[in-house]
Each structure stands twice: as structure tokens, then as C-alpha cells.
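Observations on the three-dimensional arrangement
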Amino acid sequence: MIALSDIHVWQPKSVEDAWKLKAELAADCRIVAGGTLLRTHWQAGSAAMPRHLVSLDAIPTMRKLEEAQGTAVIGAAVTLAELERHPLIGDRCRPLAAAVKSIAAPSVRRLATLGGNLVSAVGDTLPALLVTEARLEWYGSEGEELEPVGSWLERVRSGAAPGNRLLIRIHIPIQPLQPRRNPEMSFAFYRKIGRREAFIPAVVAVAGTGGLAENGKLRNIRLAAGGGATQAERLTDAEEILLSDDHWSENLPAIHNHIQRQYQACTDPFRSAEYRRITAANLITAELWAIANQMGRGETGYAAYS
Ligand SMILES: Cc1cc2nc3c(=O)[nH]c(=O)nc-3n(C[C@H](O)[C@H](O)[C@H](O)COP(=O)(O)OP(=O)(O)OC[C@H]3O[C@@H](n4cnc5c(N)ncnc54)[C@H](O)[C@@H]3O)c2cc1C
């Protein structure tokens, strides 16, 4: 066991320096953002404490959140509390705003970062990032590269994601500011069920975005589920059926079945895979039901259920 006095915390000022340090110190080093997840692993003994920690705290590019051409560009070390307060996220990236608010307690959110949540590959922001089609900007031996979050998760699942990269920024297309009377209703939702009501990682988290045309047809629908040790995934079968079915609102039981069939939930000591699959299907079809009811009342505009 390493004594705390033997641990060296490095505070590089640039992404390049952080990456060089990580490469030089190799196995005895860990990148640390807020440290809230790493700390739980060290305390539980499920990961060894390294001799070197490379903090991302002093890298200005990783702490910035700005808008660029309809996209929110979020530094990987921006904290969940900063995201929670930022109007760009609260008003125009609602699934992420709802996900962030549901994570841990406010004291943890003041330290915890979006990058740390995402790189863990099981963070509760992932369903929201999947439905908003976030892209991840990495720095590694090949320089900088941009990768859709869905492709990265697939590579994590198959064991093919490079482990030595640094996540620099997350790019998320944001909801346009809509004119007052838009005939198409756009919707977004994020729902999370935990083992208790708050301050705890999800058993199941689902998210969805899309549009509803005046004729009742769904457009651009994107659905995702994740939570616990289960990696988040897009529910493409249900999406396809919803897009092709003019009477989707009458066929929600079939959608429920498709979600259960596609969602690859896993069992852990707390909940079975079956419980997670049914819960994900229940949450999503309940949201679709609410959207269909809103349509029935002829309401338009932006609806978000969080
Ligand atoms: C009491 C408590 C409750 C919690 N509740 C929740 C919850 O409800 N939902 C949830 O999802 N999580 C929860 N967590 C876990 C954790 O707080 C969050 O996932 C948090 O967002 C992790 O961010 P962090 O900055 O602290 O990550 P860290 O602990 O610093 O890092 C996590 C991992 O990511 C790597 N990493 C971090 N940043 C980068 C980067 N830019 N590039 C490459 N690698 C990087 C680190 O090396 C490490 O492997 C909880 C934790 C605690 C202690």
C-alpha cells in the first residue's frame, strides 16, 4: 500500500503536457479529473492507488464551455455543477441537463466532471449523450480525433477502444431556438430509476429526443437506455418501427417488446437483467404515451420531461 506522502500530483497546463506525462509515467499513473469515481474504487480496493496522479484542473481548454455554430463545446473537466447552472445546457440540451441533475449529491457534483462520468463508460450521462448525438474529441498518439459517442461505446464493448487517450472536449448539437408557432413539436426526455430516490447511480436510465409532425408522424426519433454496469446503447429497432408506423401511438405494446428484446441489460447483485429490460421499456413507452396525449390535445412547442 502506498502512503499518501509518496503520491505525486502533477498539474500540467496543457493537454499535450498531460498526455506526455501519462505516456512517460505509464502504468504507475492515473489521469484524475474530479476524483469522485476513482476515490470510490480506491476505497473499495477494486483499483490500486498509483504513485502519480495527473490532474486536469489547470488546463484552461478543458475547463471551458462555449457555443460554436449550433453546438455546445464542453471541456472534459467542466464539472456537473457548472453544467447544471449553464443556460446553454439548461435551455437547449435538456436530456443532458436532466441527467446531470440526477447524479449524486450537489457536493459531489461540484467536483465530478462530465469527462470522468463519460470515460467510466457506465456514467448516467451516457443515454443523454447518445440521443443528442454527442461527439468526443480525443488527444492521443495520432493527435486529435473526433468520434461519435455511439462508435466509442461500441469500441469499448468490443474491447477495441484505445486506453491511452485523453478526452479533451464533448461536442453536443443543441436545440435551436424555435419560433413561437412551430407546427412541429419537438420533445426530449431523460428518466432515471435508482436503488433509492436520489444521490445514487442508476439501475436504469433512459433518454429520448425527436419531433412530432402535424400529421402525427414521428421524426428523427432517438432512444437510448443504460444504467448500472450496463453500457448505454441506442434502441434502434424501436426507433425504426416508430418512424415507419403512422399509428405508432396505438402500437406501444409492440414497441415495449422491441425495447425489451434489444436492450442488452446485465444482472448485478442488486437487480436482474430482466428487471432492467422491463423497466427501460416501461419508462420509454410511458414517455411516448405522454407525447401521444399531448399530440391529441393539439399542443405544439417544446416539451421536455425530466
Ligand atoms: C456518493 C457518490 C454518488 C455518485 N452517484 C453517481 C450517479 O448518480 N451517477 C453516476 O453516473 N455516477 C455517480 N457517481 C460516480 C462519479 O461521481 C461520477 O461518475 C463523476 O461524474 C465522475 O467524474 P470525476 O471527474 O470525478 O471522474 P474521476 O474519478 O476523476 O475519473 C473517472 C475515470 O475517468 C478517467 N478520466 C477522467 N477524465 C478524463 C479525461 N478527460 N480523459 C481521459 N480519462 C479521464 C479517470 O482516469 C478515471 O478512470 C457517484 C460517486 C459518489 C462518490
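Residues numbered from 1 in each chain as written. Predicted model: local features only at pLDDT ≥ 70, side-chain atom pairs only at ≥ 80, totals over all residues. Heavy atoms only, no water.

The environment of the ligand is made up of 32 residues, and the closest members are Ile31, Gly34, Gly35, Thr36 and Thr113. Take leucine 38: an N or O atom from its main chain is 2.9 Å from an oxygen atom of the ligand. Against a free-state accessible area of 990 Å², the protein chains account for coverage of 89% of the ligand. Looking at the shell around the ligand, the elements that each hand over two or more residues are strand S2 (29–32), helix H2 (36–44), helix H7 (114–119) and strand S8 (166–173). Examining the composition of the shell around the ligand, we find that five residues originate from one element, H2, more than from any other. (Near = heavy atom within 4 Å. Polar contact = N/O pair within 3.5 Å; in protein donor to acceptor, adjacent residues only side chain to side chain. Areas by Shrake-Rupley, 256 points an atom, 1.4 Å probe, with all protein chains shown as cover. Helix = DSSP H or I, 4+ residues; strand = E, 2+ residues; numbered from the N terminus.)

Chain-level statistics for the chain give a pLDDT mean of 91 and a share of 93% at 70 or above. Segment residues 298–306 is flagged for pLDDT under 50; beyond a separation of four residues in sequence, or across chains, it makes 31 contacts in the model. (pLDDT = per-residue confidence, 0-100. Contact = heavy atoms within 4.5 Å.)

The next subject is the sheet that holds S2. Across the sheet, which stays open at both edges, the three strands sit in the order S1-S3-S2 with parallel pairing between neighbours. In this open sheet, the two edge strands, each paired with only one partner strand, are strand S1 (8–10) and S2. Direction aside, the axes of adjacent strands within the sheet are offset by 25 degrees on average. Relative to strand S3 (residues 52–55), S1 runs parallel, the two sharing three bridges. Paired with histidine 8 across the two strands is histidine 52, which belongs to S3. (Pairing = 2+ DSSP bridges. Axes fitted to C-alpha atoms, helices over the stretch in contact; angles between N-to-C directions.)

Time to look at the side chain of threonine 279. Relative to the helices and strands, threonine 279 is located in helix H12 (residues 273–296). Since its relative accessible area comes to 11%, threonine 279 is described here as buried. Look past the residues within four positions of threonine 279 in its chain and what remains in contact with it is Ile193 and Val204. (Buried < 20%, exposed > 50% of the residue type's maximum accessible area, 1.4 Å probe, protein only.)

So, about helix H11 (residues 252–262). All of the buried residues along H11 are Leu252, Ile255, His256, Ile259 and Gln262. For H11, the angular spread of buried residues about the axis comes to 140 degrees, placing them on one side. Across H11 from its buried face, at more than 90 degrees, point the exposed residues Pro253 and Arg261. (Arc of directions from axis to C-beta.)

Turning to the domain arrangement of the chain, a few remarks are in order. In terms of domain boundaries, the chain breaks down into domain 1 (7–55), domain 2 (60–173) and domain 3 (185–304). Inter-centroid distance (C-alpha atoms) of domain 2 to domain 3 is 21 Å. Counting from both sides, the interface comprises 21 residues of domain 2 and, opposite them, 26 residues of domain 3. Counting each side, the surface lost to burial between domain 2 and domain 3 is near 1,800 Å², with a carbon and sulfur contribution of 62%. When the buried surface of domain 2 facing domain 3 is broken down by residue, Asp124, Pro127 and Val131 rank first, second and third, together holding 30% of it. Where domain 2 meets domain 3, there are three salt bridges. Summed over the shared surface of domain 2 and domain 3, the result is nine residue pairs in polar contact (both at pLDDT 80 or more). Counting only elements with at least two residues in the side of domain 2 that touches domain 3, the list comes to helix H5 (94–101), helix H8 (126–131) and helix H9 (149–157). Sort the elements by how many residues they give to the side of domain 2 that touches domain 3 and H8 lands first, with five residues. (Domains from an automatic or database assignment. Buried area = accessible area lost by both parts, 1.4 Å probe. Salt bridge = Lys/Arg side-chain N within 4 Å of Asp/Glu carboxyl O.)

All right, on to the nonpolar core then. When a protein is soluble and globular, its nonpolar side chains tend to lie buried together. In terms of nonpolar packing, the biggest core is built from 42 residues, with Ile74, Leu83, Ile89, Leu96, Leu129, Trp152 and Ile170 touching the most fellow members. Residues lining this core come from more than one domain, with at least three contributed by each of domain 2 (60–173) and domain 3 (185–304). When sequence neighbours within four positions are dropped, the list of residues in contact with leucine 96 reads Ile74, Ile89, Leu114, Thr125, Ala128, Leu129 and Ile172. The next biggest cluster of nonpolar side chains, apart from the first, holds 28 residues, and it includes Ile221, Ile255, Leu288 and Ile291. (Core = buried A, V, L, I, M, F, W, Y, C linked by side-chain atoms within 4.5 Å.)

We now examine the sheet that holds strand S4 (residues 65–68). Spatially, the five strands line up as an open sheet ordered S4-S5-S8-S6-S7, and their pairing is antiparallel. Where the open sheet ends on each side, the last strands, each with one partner, are S4 and strand S7 (143–148). Strand-to-strand twist in this sheet, taken as the mean axis angle between neighbours without regard to direction, amounts to 25 degrees. Where S4 lies against strand S5 (residues 71–75), four bridges are found, and the strand directions are antiparallel. In the strand pairing of S5, glutamate 66 is matched with valine 73.

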